[in-house]
Amino acid sequence: MKILERTLNEIKELDQAKIKEAKQRLDTLTKPQGSLGKLEKMAAKLAGITGDVFAPVDCKAHVVMAGDHGVVEEGVSAFPQEVTVAMIHNFLNQGAAINVLAQQVGAEVIVVDVGVAQEVGVEGLVVKKIKAGTDNFTQKAAMTEAEAIASIEVGIEVVEGLVDRGVNLIGTGEMGIGNTTSSSAIIAACTGLSVDDVVGYGSGIDDKGLARKQEVIKQGLKLNQPDSNNGIDILAKVGGLEIGAMAGMMLAAAAKRVPVIVDGVISGAAALIAQKLEPKVVGYLIPSHKSVEPAHIKTYETLGLEPMLDLDMRLGEGTGAVLAMNLVEAASRIIKEMATFEEIGL
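Residues numbered from 1 in each chain as written. Predicted model: local features only at pLDDT ≥ 70, side-chain atom pairs only at ≥ 80, totals over all residues. Heavy atoms only, no water.

Colleague: Mind showing me how you'd approach the overall build of the protein here?
Modeller: The helix and strand inventory of the protein stands at 14 helices and 6 strands. Since a compact globule built from 346 residues should have a radius of gyration of about 20 Å, the 20 Å found for the protein is in line with a globular shape. Projected onto its principal axes, the C-alpha positions of the protein cover 70 × 40 × 40 Å. Within the protein, the fraction of its 346 residues that count as buried is 58%. Counting contacts in the protein only where the partners sit at least 6 residues apart, residues at least 24 apart contribute 76% of the total. When the accessible surface of the protein is summed, it comes to about 13500 Å², and 50% of that surface belongs to carbon and sulfur atoms. Of the side-chain charges in the protein, 32 are positive and 45 negative, and the distance between the mean point of each set is 4 Å. (Helix = DSSP H or I, 4+ residues; strand = E, 2+ residues; numbered from the N terminus. Rg over C-alpha atoms; globule rule 2.2 N^0.38 Å. Buried < 20%, exposed > 50% of the residue type's maximum accessible area, 1.4 Å probe, protein only. Contact = heavy atoms within 4.5 Å. Areas by Shrake-Rupley, 256 points an atom, 1.4 Å probe, with all protein chains shown as cover. Lys, Arg positive; Asp, Glu negative; His and termini not counted. Charge placed at Lys NZ, Arg CZ, Asp CG, Glu CD.)

Put into structure tokens, the structure is as follows:
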């Protein structure tokens with residue numbers, strides 16, 4: 001808890017003076033004012049996050065947090081839990097979509113076992129396991145409060161290590177069969193929206209599976225009664241260990257004044273947990289893409305963020321976050337490398 005408390009206390013408001021300075025410079029560049037739209041807004045936001053008008057974002061890392069979910073016992077996923085381990089091997093063998101996209105943008109991929117049900121035992125995996133998967137939240141809380149806090153602190157520790165070695169742009173990703181079920185439960189608990197409005201098809205279940213998934217989430221919320229104002233309580237009651245770890249990543253990035261990219265619906269659920277713990281964290285979040293999962297856009301609306309991309313994606317792993325890295329770097333380079341009108345003699 002001390003790590004979490006320290007991190008929350010270190011999160012400050014964005015640097016408004018640097019945002020103003022960045023906007024003033026953007027208006028002097030050789031283009032009509034505002035003509036680069038969201039890229040200009042991103043450049044100003046980066047200045048506010050980092051306290052540097054010319055903030056570099058050229059050292060990129062993407063973290064895939066892996067954890068399993070006891071609620072898969074209820075038949076909420078199209079895939080068995082063993083897929084979590086198989087995909088971890090795939091990540092570390094550079095064979096997954098996230099590896100291909102990360103290589104394109106020059107981002108290192110780090111895979112962390114924060115709560116995989118099985119022992120993975122593969123070289124290159126960062127093992128910070130809290131427990132072997134969450135419990136089935138239709139029968140009891142997914143985890144204890146202490147385990148929820150520990151998962152958040154895993155994310156904090158991972159990001160602090162990355163920042164210490166010079167990483168200046170961080171993506172959040174995940175792997176864990178059943179995690180859209182936990183994410184939907186978190187989003188319903190955080191927003192007050194109905195379960196039917198936030199639950200999607202996840203990994204590819206059919207209409208019968210969707211109805212089952214909705215019912216399972218309703219059961220879990222009714223049994224556990226998470227406190228809508230308490231992020232740790234929500235995470236512990238119906239969440240996932242990898243979701244907690246991503247929330248910790250976001251909090252640590254904010255404390256270190258490093259931009260952190262939100263991916264899909266699971267990463268969005270983590271952002272809601274982080275927001276409950278410290279609302280100022282939202283200013284440090286970079287929204288990447290809009291997932292086809294119905295809860296995702298509702299999550300962005302709750303956070304007051306607008307996604308940059310809409311590619312009909314729902315893969316997970318942080319694929320949208322990595323795709324957005326090029327746009328974030330483009331914004332950074334525009335404000336630094338474009339000439340001003342004065343510099344070209346106008």
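Picking up where we left off.
Colleague: Would you take a moment to explain the layout of surface pockets for this structure?
Modeller: In this approach, a probe sized like a water molecule rolls over the atoms, and the result shows the empty space that is left. Taken as a whole, the second largest pocket holds about 310 Å³ of empty space. Lining of the second largest pocket is provided by Lys-38, Lys-41, Met-42, Lys-45, Pro-287, Gly-304, Leu-305, Glu-306, Pro-307 and Met-308. (1 Å grid on protein atoms, 1.4 Å probe; cavity = no way out; pocket = protein on both sides within 12 Å on 5 of 7 lines; lining within 4 Å. Points joined across faces, edges and corners; volume = space filled by probe spheres on them.)

Colleague: Hey, could you run me through unusual backbone geometry in this one?
Modeller: A positive phi angle, close to 65 degrees, is found at Gln-94, a residue other than glycine. Within the element layout of this structure, Gln-94 appears in the loop between helix H4 (82–92) and helix H5 (97–105). A positive phi angle is found at Glu-317, which is not glycine, with a value near 70 degrees. Among the secondary structure elements, Glu-317 is positioned in the loop between helix H13 (294–303) and helix H14 (319–337). You can call Glu-317 buried: its relative accessible area is 5%.

Colleague: Can you help me understand helix H1 (residues 2–10) in this one?
Modeller: One turn of the α-helix equals 3.6 residues, which is why residues spaced by three or four share an orientation. If you check which residues of H1 are buried, you get Leu-4, Thr-7 and Leu-8. Along the axis of H1, the buried residues cluster in a sector spanning 100 degrees; they form a single face. Across from the buried face of H1, at angles greater than 90 degrees, the exposed residues are Lys-2 and Asn-9. The inward-facing, buried residues of H1 contact helix H6 (145–164), helix H10 (231–238), helix H11 (241–255) and helix H12 (265–277). (Arc of directions from axis to C-beta.)

Colleague: Any chance you could explain the sheet that holds strand E4 (residues 169–175) here in plain terms?
Modeller: Strands in a sheet are paired, the pairing made by backbone hydrogen bonds, and the direction either parallel or antiparallel. An order of E3-E2-E1-E4-E5-E6 is seen for the 6 strands of this open sheet, with the pairing classed as parallel. Among the strands making up the open sheet, the edge pair consists of strand E3 (126–127) and strand E6 (285–287). The sheet contact formed by strand E1 (residues 60–67) and E4 spans 7 bridges and is parallel. Across the sheet, the residue bridging to Met-65 is Glu-174, located in E4. Running over the sheet, H4 touches E1, strand E2 (107–115) and E4 and is turned about 145 degrees from E4. (Pairing = 2+ DSSP bridges. Axes fitted to C-alpha atoms, helices over the stretch in contact; angles between N-to-C directions.)

Colleague: Sorry, what's going on with H14 here?
Modeller: Helix length check: H14 (19 residues) gives 28 Å between terminal C-alpha atoms against 27 Å at 1.5 Å per residue, within 8%. Largest kink in H14: about 25 degrees, centred on Met-325. Regarding H14, the residues found buried are Thr-319, Gly-320, Ala-321, Val-322, Ala-324, Met-325, Val-328, Glu-329, Ala-331, Ser-332, Ile-334 and Ile-335. (Expected span 1.5 Å × (residues − 1). Bend = angle between axes of the 7 residues up to and from the residue.)

Colleague: Could you clarify how one ought to interpret the packing of H1 against H6 in this entry?
Modeller: Relative placement of two packed helices is described by the angle separating their axes and the distance separating the axes. Close contact between H1 and H6 brings their axes to 9 Å; oriented N to C, the two are set at 60 degrees. With respect to H6, the axis of H1 lies oblique. The handedness of the crossing between H1 and H6 comes out as left-handed. Only Ile-149, Ile-152, Glu-153, Ile-156, Glu-157 and Glu-160 of H6 make contact with H1, whose side of the interface consists of Lys-2, Ile-3, Leu-4, Arg-6 and Thr-7. Its residues assigned to classes, the contact of H1 with H6 shows 5 nonpolar, 1 polar and 5 charged. (Parallel < 35°, antiparallel > 145°, perpendicular 65-115°, else oblique. Left-handed = near helix turned anticlockwise from the far one by under 90°. Nonpolar A, V, L, I, M, F, W, Y, C, P; charged D, E, K, R; others polar.)

Colleague: Is there a simple way to explain the environment of Ile-3 in this structure?
Modeller: Locating Ile-3 in the fold gives a position in helix H1. The exposure class assigned to Ile-3 is partly exposed, which follows from its relative accessible area of 25%. It is 9.9 Å that separates the C-alpha atoms of Ile-3 and Ala-252, two residues lying 249 residues apart in sequence. Those residues in contact with Ile-3 that lie beyond four places of it in its chain are Glu-153, Ile-156 and Glu-157.

Colleague: Looking at this structure, I do not really get the nonpolar core. What am I missing?
Modeller: Formed by 119 residues in total, the largest nonpolar core has its most connected members in Met-65, Met-250 and Leu-251. Take this core: its biggest share by element is 12 residues, from H11. In this structure, Leu-251 is in contact with Leu-4, Thr-7, Leu-8, Ile-11, Ile-152, Ala-274, Leu-277, Glu-278 and Val-281, ignoring residues within four places of it in sequence. (Core = buried A, V, L, I, M, F, W, Y, C linked by side-chain atoms within 4.5 Å.)

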